[in-house]
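What follows is the residue order along each chain.
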Amino acid sequence: NEIAWIAGHCQYIIGRNSGPFCFMTNKSILNDKTKTIVSIGNNEKDSFLYNVPTNAQYHFLKDDEINKIMEIVK
């Protein structure tokens, strides 16, 4: 609950496909058009948000795409 509460106050949510990153997801965050969610992992199909409809901007990046990660963060 606390992680989702913190994420509710963030514009950018960036995390590795892991338990804590998954706990930030709730209906209000996924439906918020002002949020940008960046999921980092090895395979997009392993991403918790893979094929989940969302109004937030969603990006998946592979672990080795550090330059793309930095571009999105900037």
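Residues numbered from 1 in each chain as written. Predicted model: local features only at pLDDT ≥ 70, side-chain atom pairs only at ≥ 80, totals over all residues. Heavy atoms only, no water.

Student: Describe the nonpolar core, and please don't skip the residues or the numbers.
Tutor: Counting 9 residues, the largest nonpolar core consists of Ala 7, Ile 13, Phe 21, Met 24, Ile 29, Leu 30, Ile 37, Leu 49 and Ala 56. Discounting chain neighbours no more than four positions away, the residues touching Ala 7 are Ile 13, Met 24, Ile 29 and Lys 35. (Core = buried A, V, L, I, M, F, W, Y, C linked by side-chain atoms within 4.5 Å. Buried < 20%, exposed > 50% of the residue type's maximum accessible area, 1.4 Å probe, protein only. Contact = heavy atoms within 4.5 Å.)

Student: Lay out the confidence of the model for the protein chain with the relevant residues and their values.
Tutor: Summary statistics for the protein chain give a mean pLDDT of 86 and a share of 100% for residues scoring 70 or more. No element of the protein chain has a lower mean pLDDT than helix 4 (residues 66-73), which averages 78, and none a higher one than helix 3 (residues 27-30), which averages 92. (pLDDT = per-residue confidence, 0-100. Helix = DSSP H or I, 4+ residues; strand = E, 2+ residues; numbered from the N terminus.)

Student: Describe the state of the cysteines, listing the residues and the values that go with them.
Tutor: Enumeration according to the criterion identifies 0 disulfides in this entry. In this structure Cys 10 is a free cysteine whose sulfur lies 16 Å from that of Cys 22, the closest cysteine sulfur available. With relative accessibility at 28%, the residue Cys 10 sits in the partly exposed group. (Disulfide = S-S within 2.5 Å.)

Student: I'd like to hear about the pattern of salt bridges, residue by residue, with values.
Tutor: In the structure shown here, the tally under the stated rule is 1 salt bridge. With a shortest N-O distance of 3.7 Å, Lys 35 and Asp 32 are connected by a salt bridge. With a relative accessible area of 5%, Lys 35 lands in the buried category. (Salt bridge = Lys/Arg side-chain N within 4 Å of Asp/Glu carboxyl O.)

Student: Outline the environment of Asp 32, listing residues and values.
Tutor: The topology assignment puts Asp 32 in the loop between helix 3 and strand 2 (36-41). Residues Asp 32 and Ile 6, 26 residues apart in the sequence, show an inter-C-alpha distance of 14 Å. Beyond its immediate sequence surroundings of up to four residues, Asp 32 is in contact with Asn 55 and Ala 56.

Student: Any chance you could break down a nonpolar patch on the surface for me, citing the residues and the numbers?
Tutor: Taken together, the side chains of Tyr 12, Ile 14 and Val 73 make up a nonpolar region of the molecular surface, amounting to roughly 270 Å² of accessible area. Position of Tyr 12 relative to the elements: it lies in strand 1 (residues 12-16). (Patch = residues over 30% accessible without salt bridge, like charges linked within 9 Å, V, L, I, M, F, W, Y side chains within 5 Å. Areas by Shrake-Rupley, 256 points an atom, 1.4 Å probe, with all protein chains shown as cover.)

Student: How would you sum up the side chain of Thr 25? Please name residues and give values.
Tutor: By secondary structure assignment, the location of Thr 25 is in the loop between helix 2 (19-23) and helix 3. The exposure class assigned to Thr 25 is buried, which follows from its relative accessible area of 18%. When near neighbours in sequence (up to four residues on either side) are disregarded, Thr 25 contacts Leu 30, Phe 48 and Leu 49.

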